[in-house]
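These are the residues of each chain, in order.
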Amino acid sequence: MEIKKALVVGLGSIGIRHLTMFNTVFPGNIDIGVLRRKSEKPFKFIRHYFTNEGDALRWKPDIVIIASPSHTHGKYIKLFQDSHILLEKPAVTESKDLEYIASADKLIQVGYNYRYHPVFKELRQFIENNNIKKLSLYHSDYLPNWHPWEDHRNSDLARDGVGLTLCHGIDLLLEIFNDLKVEKVFKGFDKSLDVNAYSCMKAHANSGNTQISWEIRADEPDVNKFMFEVEDEKGKVCYFDMNNKLYTRNDTFVEQMKIFRRKIENLKDFSDNNKREFERAKRILDICQ
């Protein structure tokens, strides 16, 4: 199909990042719209600003990028069911919203851009070529430092918990280990952050003979780390740094958007793709809630 209209729902930092992808991935004559709560129109290249959901719906966008607060994702998947959707992670925060992914006729793709990171490709190849004894994931990103211009107490993590908000690592583990079995999950709370949701998640799992663990945190001041540690059967330990400065994170968003476009253009039936997205969203929700 020819993609003529693209709508971005939400104009926070991630919504703005997606906007920058359009001219790179799509033809220059694509018509861009934004649906947001505020009435300001900060970018002149955007021809259509909507503050009313009905007006945005009547505009009939071909593709919709949902980059709104996570608890609103289900509402927008349902609202824009006649459009192809690229959905920021986490897909949904409530199990009742999973049905909108499962029943979609148009393409649904969840924005796990780290799947396209060169370091993840290296990690995956190493695991495929070796017998892995242990794998550990450590992901720490201090909540008040995420968006210093915002009150972190109103953030997605303050509602959802660190597991859902920083679920990239869990998604990557599920990409590698289809039969991942979670044994124990521990969730911790830090009163100093003044949020009700959990800010620390530790878990133990396995896949065959491989012991897997992860620790995901938003409560360590001045710590920013996203690392996999892998030990093979001979005791050799390798580290895979997802924050490696040699690679540009923006490139993963470009690749993600290119794949989104190719799926729209090449797939005749989206049911298998959407079934996989449903199953992954459900699995991550089950693990993190």
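Residues numbered from 1 in each chain as written. Predicted model: local features only at pLDDT ≥ 70, side-chain atom pairs only at ≥ 80, totals over all residues. Heavy atoms only, no water.

**A word on the side chain of E277**
Looking at where E277 falls in the secondary structure, it is placed in helix α10 (residues 271–288). Nearest to the buried, unbridged E277 among oppositely charged side chains is R115, at 4.6 Å. Of the polar contacts made by the side chain of E277, one reaches the backbone nitrogen of V110; its length is 3.3 Å. Apart from the residues lying within four places of it in its own chain, the contact partners of E277 are I101, I108, Q109 and V110. (Helix = DSSP H or I, 4+ residues; strand = E, 2+ residues; numbered from the N terminus. Buried < 20%, exposed > 50% of the residue type's maximum accessible area, 1.4 Å probe, protein only. Lys, Arg positive; Asp, Glu negative; His and termini not counted. Salt bridge = Lys/Arg side-chain N within 4 Å of Asp/Glu carboxyl O. Polar contact = N/O pair within 3.5 Å; in protein donor to acceptor, adjacent residues only side chain to side chain. Contact = heavy atoms within 4.5 Å.)

**As for the packing of aromatic side chains**
Scanning the entire structure with this criterion turns up seven aromatic pairs. Between F43 and F45, the aromatic rings sit 5.8 Å apart at their centres with planes inclined by 45°, giving tilted as the arrangement. On the basis of relative accessibility, which here comes to 44%, the residue F45 falls in the partly exposed class. Clustering of aromatic rings is evident, with ring pairs tying together Y114, F226 and F228. Across the ring face of Y138, the terminal group of K225 is positioned such that the distance to the ring centre comes to 5.3 Å. (Phe/Tyr/Trp six-rings, centres within 6.5 Å; stacked < 30°, edge-to-face > 60°. Lys NZ or Arg CZ within 6 Å of the ring centre and 35° of its normal.)

**So, the sheet that holds strand β4 (residues 63–66)**
The strand order β3-β2-β1-β4-β5-β6 describes an open sheet built from six strands, whose pairing is parallel. On the outer flanks of this sheet lie β3 (48–50) and β6 (108–111), each paired with one strand and no other. Along the sheet, successive strands turn relative to each other by an average axial angle of 20°, direction set aside. (Pairing = 2+ DSSP bridges. Axes fitted to C-alpha atoms, helices over the stretch in contact; angles between N-to-C directions.)

**Looking at helix α9 (residues 249–266)**
Here α9 contains 18 residues, and its C-alpha end-to-end distance of 26 Å stays within 8% of the 26 Å for a straight helix at 1.5 Å per residue. Inspection of α9 places T252, F253, V254, Q256, M257, I259, F260 and I264 among the buried residues, and these make up the whole buried set. (Expected span 1.5 Å × (residues − 1).)

**Quick word on the state of the cysteines**
Following the criterion strictly, the structure yields zero disulfides and no others. Lacking any disulfide linkage, C167 is separated from the closest cysteine sulfur, that of C288, by 6.3 Å. A relative accessible area of 0% places C167 in the buried class. (Disulfide = S-S within 2.5 Å.)

**Examining the pairing of strand β9 (residues 200–207)**
Along any regular strand, the residues point their side chains to alternate faces of the sheet. Along β9, six of the eight residues are buried, which leaves the element largely enclosed by surrounding structure. In this sheet, β9 lies alongside strand β8 (residues 181–188) in antiparallel orientation, the contact comprising seven bridges. Bridge pairing in β9 places K184 opposite H204. Relative to strand β10 (residues 210–217), β9 is paired through eight bridges, and the arrangement is antiparallel. Bridging across to β10, M201 finds its partner in I216.

**Observations concerning the side chain of H84**
As for its position among the elements, H84 is in strand β5 (residues 84–88). Residue contacts for H84: discarding those within four places in its chain leaves M1, D62, I63, V64, K106, L107, F260, I264 and F270.

**A look at the pattern of salt bridges**
Evaluated as defined, the whole model comprises 19 salt bridges. R115 serves as the salt-bridge partner of D171, at 2.7 Å between the closest nitrogen and oxygen. You can see D171 sitting in helix α8 (residues 168–176) and its partner R115 sitting in the loop between β6 and α5 (118–129), a full 56 residues away along the chain. Both residues of the pair, D171 and R115, count as buried. Several salt bridges share partner residues, and in doing so they unite R115, R124, D171, E175 and R280 into one network.

**Digging into the sheet that holds strand β7 (residues 132–141)**
The strand order across the open sheet built from six strands is β8-β9-β10-β7-β11-β12, with neighbouring strands paired in mixed fashion. The outermost strands of the open sheet, each flanked by one partner alone, are β8 and β12 (237–241). Strand-to-strand twist across the sheet, computed as the mean angle between neighbouring axes with direction ignored, equals 10°. Relative to β10, β7 is paired through seven bridges, and the arrangement is parallel. The partner of S136 across the bridge, within β10, is S213.

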